[in-house]
Amino acid sequence: MTNYAIDPPAQATLSVAGSDACFPLRRVFCVGRNYEAHVREMGNDTREPPFFFMKPADAVVPNNAAIAYPSATSELHHEVELVVALGAGGKDVSPEQALGLIWGAAVGIDLTRRDLQAQAKSKGRPWDMAKGFDASAPIAPLVQMADVTSLSSGKIWLSVNGRTRQDANLADMIWPVADCIAHLSTLVELAPGDLIMTGTPAGVAALSPGDEVVAGITGLPDLKVSIAP
Ligand code: MN
């Protein structure tokens, strides 16, 4: 019998703004179709309840990452999103309890192989390889909740090479953060270290090698990434 030496994987973490501390990551949940104008730009119905998909925790990459243009796509899209990190878990959490689970918040980008997602949708296949590929979740340093201005209003925007592509307000979310957490907690038992990416507003578009991307949300540190040439 062959003995394989298996090293434990490195713990995926997120940095904490203004600190040397690292926040250990557990799972990354993403909300689909949570801003009306984006739901319409993708040709979908705006009255559905929230739905979820996942990325692996080690798809998370930090601020200032140079991200290699991924394989198997010619349509890499940006989706700027508010990310919340849970410091406590629970199941069947009420919307009133949900905000109390949040440890901090950050700006993130849900990088998407849009062409693979379109194929998956048309064939009724899973989205994993469209959404959960390597380095598909750049996320800026986390800000602890005590220092977060608002999770329900404030500008959310993304620019590529200095030109604005996405520009909206957190108030435009169909399902506010508390409702997303409450709904998700009816599907899985949430736990400390879980991240929730809360959906993107309109203006998603393709990235090219060499692009410089900056994304922001009022009151949170900007996220900067480049797509490697
Ligand atoms: Mn998204």
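Above this text is the structure in question.
Here's a quick rundown of the structure. (Residues numbered from 1 in each chain as written. Predicted model: local features only at pLDDT ≥ 70, side-chain atom pairs only at ≥ 80, totals over all residues. Heavy atoms only, no water.)

## Regarding the overall build of the protein
Stage number 1. A count of helical and extended segments in the protein gives 5 helices and 17 strands.
Stage number 2. Relative to its length of 229 residues, the protein is compact, with a C-alpha radius of gyration of 17 Å against a globular reference of 17 Å.
Stage number 3. Projected onto the principal axes, the alpha-carbon positions of the protein cover approximately 55 × 45 × 40 Å.
Stage number 4. Residues counted as buried form 49% of the 229 residues belonging to the protein.
Stage number 5. Counting only contacts in the protein whose residues sit at least 6 apart along the sequence, the fraction spanning at least 24 positions is 75%.
Stage number 6. Summing over all exposed atoms, the protein offers an accessible surface of approximately 10,800 Å²; the carbon and sulfur share of this is 51%.
Stage number 7. Across the protein, 17 positive and 25 negative side-chain charges occur, with their mean positions spaced 6 Å apart. (Helix = DSSP H or I, 4+ residues; strand = E, 2+ residues; numbered from the N terminus. Rg over C-alpha atoms; globule rule 2.2 N^0.38 Å. Buried < 20%, exposed > 50% of the residue type's maximum accessible area, 1.4 Å probe, protein only. Contact = heavy atoms within 4.5 Å. Areas by Shrake-Rupley, 256 points an atom, 1.4 Å probe, with all protein chains shown as cover. Lys, Arg positive; Asp, Glu negative; His and termini not counted. Charge placed at Lys NZ, Arg CZ, Asp CG, Glu CD.)

## Topic: the pairing of strand 8 (residues 80-86)
Stage number 1. Of all the 7 residues making up strand 8, 7 are buried; the element is thus mostly covered by neighbouring parts of the structure.
Stage number 2. Residues of strand 8 alternate between two faces, with Val-80, Leu-82, Val-84 and Leu-86 on one and Glu-81, Val-83 and Ala-85 on the opposite face, all of them buried.
Stage number 3. For strand 8 and strand 9 (residues 102-109), the ladder comprises 7 bridges, and the chain directions are antiparallel. Paired with Leu-86 across the strands is Ile-102, a residue of strand 9. (Pairing = 2+ DSSP bridges.)

## Details of the coordination of the manganese ion
Stage number 1. Here the manganese ion is held by the protein donor atoms Glu-79 (OE), Glu-81 (OE) and Asp-110 (OD), which lie 2.0 to 2.1 Å from it.
Stage number 2. Along the chain, the residues donating to the manganese ion are arranged with the sequence spacing E-x1-E-x28-D. Remark: Asp-110 occurs in the loop between strand 9 and strand 10 (112-113) and Glu-79 occurs in the loop between strand 7 (76-77) and strand 8; sequence separation between them is 31 residues.
Stage number 3. Classification of Glu-79 by relative accessible area gives buried; the value is 4%.
Stage number 4. We classify Asp-110 as buried; its relative accessible area is 0%. (Donors = N, O, S within 2.8 Å, 3.2 Å for Na, K, Ca; no water.)

## Side note on the sheet that holds strand 16 (residues 212-217)
Stage number 1. The strand order 6-17-16-13-14 describes an open sheet built from 5 strands, whose pairing is mixed. Looking along the sheet, the strands with just one partner apiece sit at the ends: strand 6 (66-67) and strand 14 (163-169).
Stage number 2. As paired strands, strand 13 (residues 155-160) and strand 14 are joined by 6 bridges and run antiparallel to one another. By the bridge assignment, Ile-156 is partnered in strand 14 with Ala-168.

## Focus on unusual backbone geometry
Stage number 1. With a phi close to 65°, Ala-72 is a non-glycine residue in the positive phi region.
Stage number 2. By secondary structure assignment, the location of Ala-72 is in the loop between strand 6 and strand 7.
Stage number 3. The phi torsion at Asp-92 lies on the positive side, around 50°, for a residue other than glycine.
Stage number 4. Its place among the elements puts Asp-92 in the loop between strand 8 and helix 2 (95-98).

## Looking at the packing of aromatic side chains
How two aromatic rings sit relative to each other is set out by the distance from centre to centre and by the angle between their planes.
Stage number 1. In total, this model carries 3 aromatic pairs according to the counting rule given.
Stage number 2. Chaining the aromatic ring pairs together yields one cluster made of Phe-51, Phe-53 and Trp-127. (Phe/Tyr/Trp six-rings, centres within 6.5 Å; stacked < 30°, edge-to-face > 60°.)

## Quick look at the nonpolar core
Stage number 1. Counting 47 residues, the largest nonpolar core has Leu-82 and Ile-181 as the members making the most contacts within it.
Stage number 2. Where this core is concerned, the elements lending two or more residues are strand 3 (28-32), strand 8, strand 9, strand 13, helix 5 (177-184), strand 16 and strand 17 (223-227).
Stage number 3. Counting residues in each nonpolar core, the second largest holds 20 residues, with Phe-23, Ala-85, Ile-139 and Met-197 among its members. (Core = buried A, V, L, I, M, F, W, Y, C linked by side-chain atoms within 4.5 Å.)

## Looking at the sheet that holds strand 15 (residues 195-197)
Stage number 1. Taken together, the 6 strands give an open sheet; going across it, the order is 4-3-15-8-9-12, and neighbouring strands pair in mixed fashion. Looking at which strands have only one partner, the edges of the open sheet turn out to be strand 4 (51-55) and strand 12 (143-144).
Stage number 2. Sheet topology note: the strand 3/strand 4 ladder contains 5 bridges and is antiparallel. Within strand 4, the position partnered with Val-31 by the bridge is Phe-52.
Stage number 3. Helix 5 contacts strand 3, strand 4, strand 8, strand 9 and strand 15 of the sheet and is inclined by roughly 60° relative to strand 8. (Axes fitted to C-alpha atoms, helices over the stretch in contact; angles between N-to-C directions.)

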